[in-house]
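Understanding the architecture of this molecule
What follows is each chain in one-letter form.
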Amino acid sequence: MEPQGLAAFSFGQGPGSTPGGTNKALAWQMAQLLKYSNNKPTNLPIILAQWEIAKELQEVYGVAVDCVASPNPSGSYLSTFGVMEQFAYCLENRSIDSIVIIAHPDHAVRCGKTAEHFGYMAYSSPNSTVPWVRFKCDDNGYDAQSTQAWTTSRANYVPHELAARAKLVASGQISFLDKRTIS
């Protein structure tokens with residue numbers, strides 16, 4: 001089965017509500033995937049992106065985004081679950097059951113598990129070719145200038161991520177059980 005959508009989840013944010021280095025790199029990655037899709041005799045997938053990545057896709061790569069996940073008007077923090085909730089709303093009247101996750105490598109598992117919670121088969125996107133340093137990130141894709149302190153380094157992020165996963169499992173928002181084998 002070929003995925004029918006590309007879903008980009010942002011990671012951190014730059015100063016002054018700019019996308020920041022990591023999200024610029026993730027937009028680059030999506031643009032590369034779309035170039036590959038254009039060379040195939042299939043229809044382009046639906047493009048879903050969190051606002052930081054959508055902005056970069058539109059301004060730098062000229063890519064129109066079908067669904068942009070944005071914070072509510074109060075500007076409150078938009079969680080991974082909240083992003084997927086907006087994506088699911090955009091997808092609900094389409095015959096789409098699988099998506100490729102474009103996300104920071106250390107965030108991608110949670111993004112995929114969140115997509116599965118909403119009933120989508122989630123495929124990971126290869127991150128090994130992302131030129132992180134070109135976008136002023138370290139070799140692991142972290143932007144030291146991110147305004148979200150937990151996304152500035154792997155040492156800051158991994159403890160945050162593991163705590164977040166535990167809370168989400170406890171609340172039922174993600175699961176690490178293989179639902180296909182449970183009767």
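**A few points about the overall build of the protein chain**
Secondary structure summary: the protein chain contains five helices and five strands in total. Taken over the C-alpha trace, the protein chain has a radius of gyration of 16 Å; the compact-globule value for 183 residues is 16 Å, and the two agree within 12%. Overall, the protein chain is about 45 × 40 × 35 Å in size when its C-alpha atoms are taken along their principal axes. Expressed as a percentage of the 183 residues in the protein chain, the buried residues total 48%.

**Let's talk about helix α4 (residues 108-117)**
Most of α4 sits out of view: seven of its 10 residues are buried. All of the buried residues along α4 are A108, R110, C111, G112, K113, T114 and A115. Positioned one or two residues after α4, G119 has a phi angle of 95°, which is positive.

**A few points about the side chain of T22**
As for its position among the elements, T22 is in helix α1 (residues 20-38). A relative accessible area of 1% means that T22 is categorised as buried. Ignoring anything within four residues of it in the chain, the contact list for T22 reads F11, H104, W132, C137, G141, Y142 and D143.

What counts, and where the lines are drawn
- Residues numbered from 1 in each chain as written.
- Predicted model: local features only at pLDDT ≥ 70, side-chain atom pairs only at ≥ 80, totals over all residues.
- Heavy atoms only, no water.
- Helix = DSSP H or I, 4+ residues; strand = E, 2+ residues; numbered from the N terminus.
- Rg over C-alpha atoms; globule rule 2.2 N^0.38 Å.
- Buried < 20%, exposed > 50% of the residue type's maximum accessible area, 1.4 Å probe, protein only.
- Contact = heavy atoms within 4.5 Å.

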